[in-house]
Amino acid sequence: VHGPPPQILHILQAAEHGASPLLTGFIISCAPLCVVILSPIFGYYIPQLGARFMLLSGVWLVGGSYILMSFVVSMPSGWVFIMFCILLRLTEGVGSAMFATSLYAQLPELFPHSVGTMSGLVSVAGCIGFAIGPPLGGLLYSVGGFKLPFLTVGGFCFFILFPVYFLMRGSDTGCKKQVLSFRTVVKLLSNFMFLLLVVVHGLSMAAWGFFYPTLEPFLSSQFHLDTKQTGLVFLSLSIMSVLCGPVIGKLADKFGSRGFTITGCVVSAASFFLVGPAHFISQPQLWITVVATVIFGLGSSLMFVPNFKAMLAIAKSVEDTEATSAVVSGVTSSSLSLGYSICSILI
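Everything numeric here is computed off the predicted structure, so don't read it as measured data.

Colleague: Could you clarify how one ought to interpret the environment of L188 in this entry?
Modeller: Considering the arrangement of structural elements, one finds L188 in helix α7 (residues 182-189). Not counting the four nearest positions on each side in its chain, L188 is found in contact with F194, A315, V318 and V327.

Put into structure tokens, the structure is as follows:
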């Protein structure tokens, strides 16, 4: 649920409280930009701080920032409102960087022989969040105003702390380990293939960021679809991604990741040409747009799911330690957030 809904609500409230469009954009973007900067740093220090501590702290910060954000509407308009929004969004960004980085860092340690499969399940969770976030946020807003969506998400974050605390007990027994040397990190980040996969990972999130806010108005204006019909088109995208994620992950564990990643880039590019479609292909037709949307669900899964496993394999060839997985996790989280930030700025 963490994602699109707060942005819409921030735009509505920021305008009412005297924030310019430029400041509103900064309020929205400061959280993902914070993730871009801090994720590699947190990934580097996970071996010493512990993945469990990082995950619990991150969820706690995100939940607290969401709950406090619900009360900014009661603050005076102007710089008081703006500064508190920025502060809380930065806090949310710090927490998001902590728990996202910790999540990916634990996959190779907990599931060493099925990293691809577990990456697929993580992508399924992300797709579900993107699918239910906007309508659920809109429903809560219509029922309880600005406060209810933030209170709901923040309360759920605090609720999830308890099972995470008990289920992960003992997982930090190996903390205080040695971090990677600076020389090893530089060697990894100067690896062309690794950097190329990082770019692909960021593009996979940027593609989602472009697709959602542009397709809905296109469907409404071009084909005069109502809200329910538009929702069904997006539902087909989410269903395709949910079904493909675990299967692609399982196949990547068995056959390797490179072929799936390349295929995903080609399929995603083809779907973008078709969704409009491009003027040299055809005039806009609803069935072509729907098919292209489903194809995009397949292509984005092929790009995203096997990529973490491929990056991890390259990193392990440089130095095979648990600290390597943590660094790759930080870079992964940063690239995803960077991709989303870039598309938000361009749109």
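Colleague: Hey, could you run me through the side chain of T184 in this one?
Modeller: Inspection of the secondary structure assignment puts T184 in helix α7. Only 2.7 Å separates the side chain of T184 from the side chain of S181, close enough to count as a polar contact. In this structure T184 touches V318 and E319, once residues within four positions along its chain are discounted.

Colleague: It is not clear to me how helix α12 (residues 307-318) should be interpreted in this structure. Could you clarify?
Modeller: Think of an α-helix as 3.6 residues a turn; residues three or four steps apart then line up on the same face. For α12, which comprises 12 residues, the first-to-last C-alpha distance of 17 Å matches the rise-based estimate of 16 Å (1.5 Å per residue) to within 8%. When α12 is considered as a whole, its buried residues turn out to be N307, F308, A310, M311, L312, I314 and A315.

Colleague: Which parts of the structure should I look at to understand the packing of helix α2 (residues 21-49) against helix α3 (residues 51-69)?
Modeller: Any two packed helices are characterised by the angle at which their axes cross and by the distance between the axes. Between α2 and α3, whose axes approach to 7 Å, the crossing angle comes to 120°. With respect to their mutual orientation, α2 and α3 come out oblique. Judged by residue contacts, F42, I46 and L49 of α2 engage A51, F53 and M54 from α3. Tallied by class, residues from the contact of α2 with α3 come to six nonpolar, no polar and no charged.

Colleague: What is the right way to look at the packing of aromatic side chains in this model?
Modeller: For any two aromatic rings, the description comes down to two numbers: the centre-to-centre distance and the angle of the planes. Summed over the entire model, instances satisfying the criterion amount to eight aromatic pairs. Seen in terms of ring centroids, Y165 and F166 are 5.1 Å apart; in terms of plane orientation they differ by 90°. Their pairing is edge-to-face. Judged by relative accessible area, Y165 falls into the partly exposed class, the value being 37%. Between the aromatic rings of F272 and F296, the centroid separation amounts to 5.4 Å while the plane-to-plane angle is 80°, which identifies the pairing as edge-to-face.

Colleague: What should I look at first to understand the pattern of salt bridges in this one?
Modeller: Where charged atoms of side chains with opposite charge meet at close range, the side chains can pair. Taken as a whole, this structure holds two salt bridges when the rule is applied. E92 is the salt-bridge partner of R89, the closest N and O atoms lying 2.8 Å from each other. In this pair, R89 and E92 are both assigned in helix α4 (residues 79-110), three residues apart and thus about one turn of the helix distant. With a relative accessible area of 6%, E92 lands in the buried category.

Colleague: What should I look at first to understand the environment of T261 in this one?
Modeller: Of note, T261 is situated in helix α10 (residues 258-275). For T261, a relative accessible area of 6% corresponds to the buried category. T261 sits 71 residues away from S190 along the chain, and the two C-alpha atoms are 21 Å apart. Beyond its immediate sequence surroundings of up to four residues, T261 is in contact with L197, V200, L302, M303, P306 and N307.

Analysis parameters
- Every chain is numbered on its own, with residues counted from 1 as its sequence reads.
- With pLDDT at 70 or above as the cut-off, local features in this predicted model cover only qualifying residues; side-chain atom pairs require 80 or more to be listed or tallied, and sums for whole chains, interfaces and linings still use all residues.
- Only hydrogens and water are set aside; all other atoms, that is, all heavy atoms of the structure, feed into the side-chain values.
- Think of it this way: any DSSP run of H or I at least four residues long counts as a helix, any run of E at least two long counts as a strand, and we number them from the N terminus.
- By definition in these notes, contact holds between two residues if any of their heavy atoms fall within 4.5 Å.
- Whenever two N or O atoms come within 3.5 Å, that pair is a polar contact, provided that in protein one can donate a hydrogen and the other can accept it, and provided that, for residues adjacent in sequence, both atoms are side-chain atoms.
- Helices are assigned an expected span. That span is 1.5 Å times one less than the residue count.
- Only protein chains enter the area calculation, which uses a 1.4 Å probe; residues under 20% of their type maximum are buried, those over 50% are exposed, and those in between are partly exposed.
- In this analysis, axes come from line fits to C-alpha atoms, helices being fitted only over the stretch in contact, and the angle between any two N-to-C directions falls in the range 0 to 180 degrees.
- Geometric relationships in this document are graded by angle, where less than 35 degrees denotes roughly parallel, more than 145 denotes roughly antiparallel, 65 to 115 denotes roughly perpendicular, and other angles denote oblique.
- Gly is placed with the polar residues, together with every amino acid not listed as nonpolar (Ala, Val, Leu, Ile, Met, Phe, Trp, Tyr, Cys and Pro) or charged (Asp, Glu, Lys and Arg).
- Any two rings among Phe, Tyr and Trp, with Trp reduced to its six-membered ring, count as a pair given centres within 6.5 Å; such a pair is stacked if its planes are under 30 degrees apart, edge-to-face if over 60, and tilted if neither.
- Each salt bridge in this description consists of a side-chain nitrogen of Lys or Arg and a carboxyl oxygen of Asp or Glu lying within 4 Å of one another.

Coordinates in, geometry out; function isn't part of it.
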